[in-house]
Amino acid sequence: MEQRTLLALLVFSSLIVLAEAQKPAIEIYSLHVDCKVTSRFAHTVITSRIVNRANESREATFEVELPKTAFITNFSMSIDGKVYPGVIKEKAAAQKEYDTAVSRGQSAGLVKIRDRKLELFHVSVSIAAASKVTFELTYEELLKRQLGKFELLIKVRPKQLVKHFQIDVHIFEPQGIRLLETDSTFMTNELTEALTKVQNETKAHISFKPTVDQQRANPELDDTLLNGDFVVRYDVKREATAGDIQIVNGYFVHYFAPSEMPVFPKNVIFVIDRSGSMAGRKIEQTRDALLKILRDLRPEDHFGFITFSNRVVEWKSSLLPATQENVASAAAFVQTLSARGGTDINGALLSAVGALDKAKDLPERSVSMVILLTDGQPTSGETNVEEIQENVQKAINGKYALFCLGFGFDVSYKFLEKMALSNGGIARRIYENADAALQLQGFYQEVATPILMKIELQYPENAIEGLTRNNFTLFFEGSEIVVSGKIRNELDLLPVEIKAQSHTSDLTLKEEANVKEKEQIFQDQRYIFGNFIERLWAYLTIQQLLEKAISAPEEDQKALEAQALELSLQYSFVTPLTSMVVTKPADQQQGELANKPTEADNEKPNNRLVGAASRMRTGSAPSRWGEPQAGSNWKLFSGVTRLKDRVRAQPVVHEHPQFLLQLPKLSETICLNIDGTAQPSVHLLSDPEQGLTVMGKLGDGTNQFVQFEIKYVNPPVQIHVSTNGIIVNHNNKNTLLPWTESATSTIQGLRVSVEKERSFTASLPDTVTVKISLVKFPDDFLGLYFLDTDYFSDKVSGALGQFYSKAQFKDNSNINQRADERLLTVSGSEHRVSRMYKKDYRLESAHGPVSCWSTDLTP
């Protein structure tokens, strides 16, 4: 198969600049995204200019979605010519200032994780009547190559027409640009006219500059078409087998990405969690992903499955070659996977290592790996995470690579990450979205084609200092090795020698870089930003120090973090060790912090085991890990405490469902998730006798609903509810209701009310009441539910409505005599439902989880 090497520059910079919904006088009159990509290092500046056209002070909000792998380097606000800069400080010192501000009743941090690839920067400021504010945010990122691609993705969501809107992408690749293309989810024929692309051998400039008329979705309305993804992809030319070296002002970077080499046979064991918490959608998505992964196995590969709950089960007693017959047999096994019981991670991983240890007849030159997928905490067998990490590292002993996938937010990512990094692998969180199966499949594709192992890049020891990591266990096709350092002495030539093992032989590759010639390449300052290789070196060094600290002994962690902190402050990076203090005018809230969240921070402490993952010892308190942190809103998870050999399991609580339906005819609660990815909006409910219709829309990159449209026939009222605010339309007149204040209004008997930052209610006498909760964590979403549901007529329909009129449990429908699974008939279709505990977003409910029958629905 012909292999194509695509560079994929991945700069997720999604941008939302919003004004409060009730204040349309806040106008974004200029919005500019300027991205300079020089030799894989991306420098992005987002500038938004806003004017307050009202005759009173209003609040303007600036939001930017940026890559998790990026470091913010600068932020400022300019109000009527006065600049309010962000100041980067050590995190502890900044937190002390912030704590003082909080004690005076002032506001909280500015950055949170948005989804599996993005984090959200958010800041608000009050500006006087007729005043202007300019927001400017800068961030930098060394782009990581995955699956042969660098991809620049800019999420475009200005939420209004913008007079001066422009995206500029400048690319400079000294190796030469082989391929350049653009794509967009919102592009129309008219918008295509606003797109220009200029390219020569090594440089490219892409500009997107639509006029207001081109942005307009409807000639009669002010809705904007600019709502979606703007994507740039490119590929570079590669000639030198030993890679490409680039040098600026005494710092070098070396890129090594061989292609068209034979692939090592793999010996892979999939260790799959089938505990009770995997029931429902997660186990279904896991089955779907594994079936596709099985089809991608190469005939020379060997594979096996180990599944675990409180019991560990090997599919076969030994690894099998990936013949057509064995793959078919494995696919049949995967389709039988069901979920119940506890979680014995320790036993499962040790069984996997044992299977690799005893495997026979494996190819002499092959790569062995274990891929663990789990969605929870260890609750059976060994439950002390430190003991598990020690047991696994001792068993693997450097022989195999361990990759850990954490499904959802009930896992301790910190635990999985340390275990993976200690054993030559990586950890990845799988987000519980509609595309979770694709996430699993995508991860496997990244590690499916190892083409080199035991790679070492050698440079003259006496001439280089500050060298980043130069030894690598594995190299996968479509990725890229990056090494950087400082040239200590005056050198005319910088030599490099690469040693590695391929499937067929041991390799030695040599290259020499002429220092003066290399430095001449970057004399054109239009396409670069200062000493970019020095900043690239600092960025890469900080990333590697922080990663090394995760798996280092406790006594070494402080030294590694101290080095990373020093570099973070020297080069003005917001990293997990630093914070940016955002200053504002003296009469507004001070001391806001922009911190760098990590994936481990993206967990809800209520869900972590507290003293539960430890063994009790006579005369001593249980060891503790994953201590709760104030302010997080994780779903409740009652852990398991092991006392001697006894295991006592408490209910596992899953994330918020999309919908909670209290069905009076069944005296049951249904937790329902709807797959709305195939259509822009979902018809949720219509009742002609009630004169009520409800539509809903899923958010971008999330599996929760963020917009609802409620229509009443009498009175003729339309209500648009979103996470930004509420718009009530009656007689072609709009009334804007913000979430930021409580309000009540009555229109011909229809009472609409907003409880500040909590809920919206619409009610008519002798009619079903519609309620919507505003949920703030981890991403803003809306929770819809109904009160007084006895008023629904038998004619109610729609994805939700059908449950109120046509739902009934089948007699004796317990599946396999299990009390926690039944069959529910709705409109003639059968749905398998499972008894689960879910987080409850309804304000009337008692605090805590709700027991419900859970199912998924495709409308």
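Above this note sits the structure.
Residues numbered from 1 in each chain as written. Predicted model: local features only at pLDDT ≥ 70, side-chain atom pairs only at ≥ 80, totals over all residues. Heavy atoms only, no water.

1. Details of the overall build of the protein
- Looking only at helices and strands, one finds 13 helices and 53 strands in the protein.
- Each of the 859 residues in the protein was classed as buried or not, and the buried ones make up 57%.
- Within the protein, residue pairs in contact and separated by at least 24 positions form 68% of the contacts whose partners lie at least 6 positions apart.
- Here the protein has roughly 36,500 Å² of accessible surface; of this, 45% comes from carbon and sulfur atoms. (Helix = DSSP H or I, 4+ residues; strand = E, 2+ residues; numbered from the N terminus. Buried < 20%, exposed > 50% of the residue type's maximum accessible area, 1.4 Å probe, protein only. Contact = heavy atoms within 4.5 Å. Areas by Shrake-Rupley, 256 points an atom, 1.4 Å probe, with all protein chains shown as cover.)

2. Notes on the sheet that holds strand β18 (residues 251–256)
- Spatial ordering of the open sheet is given by β17-β18-β29-β27, a layout of four strands whose pairing is antiparallel. Single-partner strands in this sheet number two, and they are β17 (244–248) and β27 (464–465).
- Where β17 and β18 come together, five bridges link them in antiparallel fashion. When the bridges of β18 are listed, Val248 appears paired with Tyr251.
- Across the sheet, helix α11 (residues 532–551) lies against β17, β18 and β29 (481–487), angled at about 65 degrees from β18, the strand it touches most. (Pairing = 2+ DSSP bridges. Axes fitted to C-alpha atoms, helices over the stretch in contact; angles between N-to-C directions.)

3. Here we look at the pattern of salt bridges
- On inspection of all chains with the given rule, the structure shows 31 salt bridges.
- Across the pair Arg216 and Asp222 runs a salt bridge whose closest N-O atoms are separated by 2.8 Å.
- Notably, a salt bridge pairs Lys282 with Asp375, separated by 2.6 Å at the nearest N-O pair. On the criterion of sequence distance, the pair formed by Lys282 in helix α4 (residues 281–296) and Asp375 in the loop between β23 (367–374) and α7 (385–396) is long-range, its members being 93 residues apart. As far as the burial class goes, Lys282 and Asp375 line up, both buried. (Salt bridge = Lys/Arg side-chain N within 4 Å of Asp/Glu carboxyl O.)

4. So, the packing of α7 against helix α8 (residues 413–421)
- It is at 10 Å that the axes of α7 and α8 come closest, and there the two elements cross at 20 degrees. Here α7 is positioned roughly parallel relative to α8, judged by the angle of their axes. Crossing of α7 against α8: the hand is right-handed. On α8, the residues touching Val385, Ile388, Gln389 and Val392 of α7 are Phe415, Lys418 and Met419.
- In the contact of α7 with α8, the residues fall into five nonpolar, one polar and one charged. (Parallel < 35°, antiparallel > 145°, perpendicular 65-115°, else oblique. Left-handed = near helix turned anticlockwise from the far one by under 90°. Nonpolar A, V, L, I, M, F, W, Y, C, P; charged D, E, K, R; others polar.)

5. Overview of the packing of aromatic side chains
- One pass over the structure, following the stated rule, counts 34 aromatic pairs.
- Relative to Phe75, the ring of Phe62 has its centre 6.1 Å away and its plane inclined at 25 degrees; by these criteria the two rings are stacked. Placement of the pair is Phe62 in strand β5 (residues 58–67) and Phe75 in strand β6 (residues 71–79), with a sequence separation of 13 residues.
- By relative accessible area, which is 0% here, Phe62 ends up buried.
- By relative accessible area, Phe75 is classed as buried at 0%.
- Pairing Phe305 with Trp315 gives two aromatic rings, centres 6.0 Å apart and planes at 75 degrees, and the pair type is edge-to-face. One end of the pair, Phe305, is in strand β20 (residues 302–308); the other, Trp315, is in the loop between β21 (312–314) and β22 (320–321), with ten residues separating them in the sequence. With respect to burial, Phe305 and Trp315 carry one shared label: buried.
- The structure contains a cluster of three or more aromatic residues connected by ring pairs, namely Phe270, Phe303, Phe305, Trp315, Phe333 and Tyr444. (Phe/Tyr/Trp six-rings, centres within 6.5 Å; stacked < 30°, edge-to-face > 60°.)

6. As for unusual backbone geometry
- The omega torsion across Asn714 and Pro715 is 5 degrees, close enough to zero to call that bond cis.
- Within the secondary structure layout, Pro715 lies in the loop between β41 (705–712) and β42 (717–722).
- The backbone of Lys159 sits at a positive phi, close to 70 degrees, despite the residue not being glycine.
- Relative to the helices and strands, Lys159 is located in the loop between β11 (150–156) and β12 (164–172).
- You can call Lys159 partly exposed: its relative accessible area is 44%.
- Of note in this structure, Gln748 is not a glycine but carries a positive phi near 50 degrees.
- You can call Gln748 exposed: its relative accessible area is 56%.

7. Brief notes about α8
- Here α8 lies mainly inside the structure; seven of its nine residues are buried.
- By the burial criterion, the buried members of α8 are Tyr413, Phe415, Leu416, Glu417, Met419, Ala420 and Leu421.
- If you follow the buried residues of α8, they end up packed against α6 (345–358), β23, α7, β24 (401–407), β25 (427–430) and α11.

8. Digging into the pairing of strand β51 (residues 821–826)
- Burial within β51 is extensive, with five of its six residues counted as buried.
- Two strands pair when backbone bridges link them, and strand β50 (residues 807–809) and β51 are joined in this way by three bridges, in the antiparallel orientation. Looking at β51, one finds that Ala807 is bridged to Val826.
- Across six bridges, β51 lies against strand β52 (residues 829–839) in antiparallel orientation. Its bridge partner being in β52, Val826 is matched across the sheet by Ser829.
- Hairpin remark: β51 followed by β52, antiparallel, with two residues in the connecting loop; positive phi at Ser827, about 50 degrees.

9. Comments concerning α7
- Between the first and last C-alpha of α7 there are 16 Å, a value that for twelve residues agrees with the 16 Å anticipated at 1.5 Å per step.
- Residues of α7 that are buried sit in contact with α6, β24 and α8.
- The N-cap of α7, judged by a side-chain oxygen 2.9 Å from the amide nitrogen of Glu386 a few residues on, is Asn384. (Expected span 1.5 Å × (residues − 1). Polar contact = N/O pair within 3.5 Å; in protein donor to acceptor, adjacent residues only side chain to side chain.)

10. Some words on the packing of α8 against α11
- Orientation of α8 relative to α11, taken along the N-to-C sense of each, is 100 degrees, at an axis distance of 8 Å. On the basis of their axis angle, the class for α8 and α11 is roughly perpendicular. Across the interface between the two elements, Glu417, Lys418 and Leu421 of α8 pack against Glu547, Ile550 and Ser551 of α11.
- Along the lines of polarity and charge, the residues of the contact of α8 with α11 split into two nonpolar, one polar and three charged.

11. Re the side chain of Asn52
- Tracing the backbone shows Asn52 in strand β4 (residues 41–52).
- The class of Asn52 is buried, set by a relative accessible area of 0%.
- A distance of 3.1 Å separates a polar side-chain atom of Asn52 from the backbone oxygen of Ala128.
- Those residues in contact with Asn52 that sit more than four places away from it in its chain are Ala25, Ile26, Ser57, Arg58, Ile127, Ala128, Ala129, Ala130 and Ser131.

12. Some details on a negative patch on the surface
- A cluster of acidic residues, Glu386, Glu390, Glu554, Glu555 and Asp556, forms a negative patch at the surface.
- Of all elements in the fold, only α7 and α12 (554–570) reach the threshold of two or more residues within the negative patch.
- No other element matches the three residues that α12 contributes to the negative patch.
- On the secondary structure map, Glu386 appears in helix α7.
- Residue classification places Glu386 among the exposed positions, given a relative accessible area of 57%. (Patch = residues over 30% accessible without salt bridge, like charges linked within 9 Å, V, L, I, M, F, W, Y side chains within 5 Å. Lys, Arg positive; Asp, Glu negative; His and termini not counted. Charge placed at Lys NZ, Arg CZ, Asp CG, Glu CD.)

13. Some remarks on the environment of Ile498
- Within the secondary structure layout, Ile498 lies in strand β30 (residues 493–501).
- A C-alpha to C-alpha distance of 5.6 Å links Ile498 and Thr508, two positions ten residues apart in sequence.
- Beyond its immediate stretch of four places on either side in the chain, Ile498 contacts Ala242, His254, Phe256, Ile455, Glu456, Leu457, Leu507, Thr508 and Leu509.

14. A look at the nonpolar core
- Ranked by size, the top nonpolar core spans 58 residues in total, and within it Phe659, Ile710, Ile719, Phe760, Leu784, Phe786 and Phe803 carry the most contacts.
- When residues in this core are grouped by element, the largest group, five residues, is from strand β49 (residues 781–787).
- With residues up to four places along the chain from it excluded, the contact list for Phe659 reads Ile670, Cys671, Leu672, Ile674, Leu684, Phe705, Phe708, Leu784, Leu800 and Tyr841.
- Within the second largest apolar cluster, 56 residues are counted, among which are Ile79, Leu152, Ile171 and Val574. (Core = buried A, V, L, I, M, F, W, Y, C linked by side-chain atoms within 4.5 Å.)

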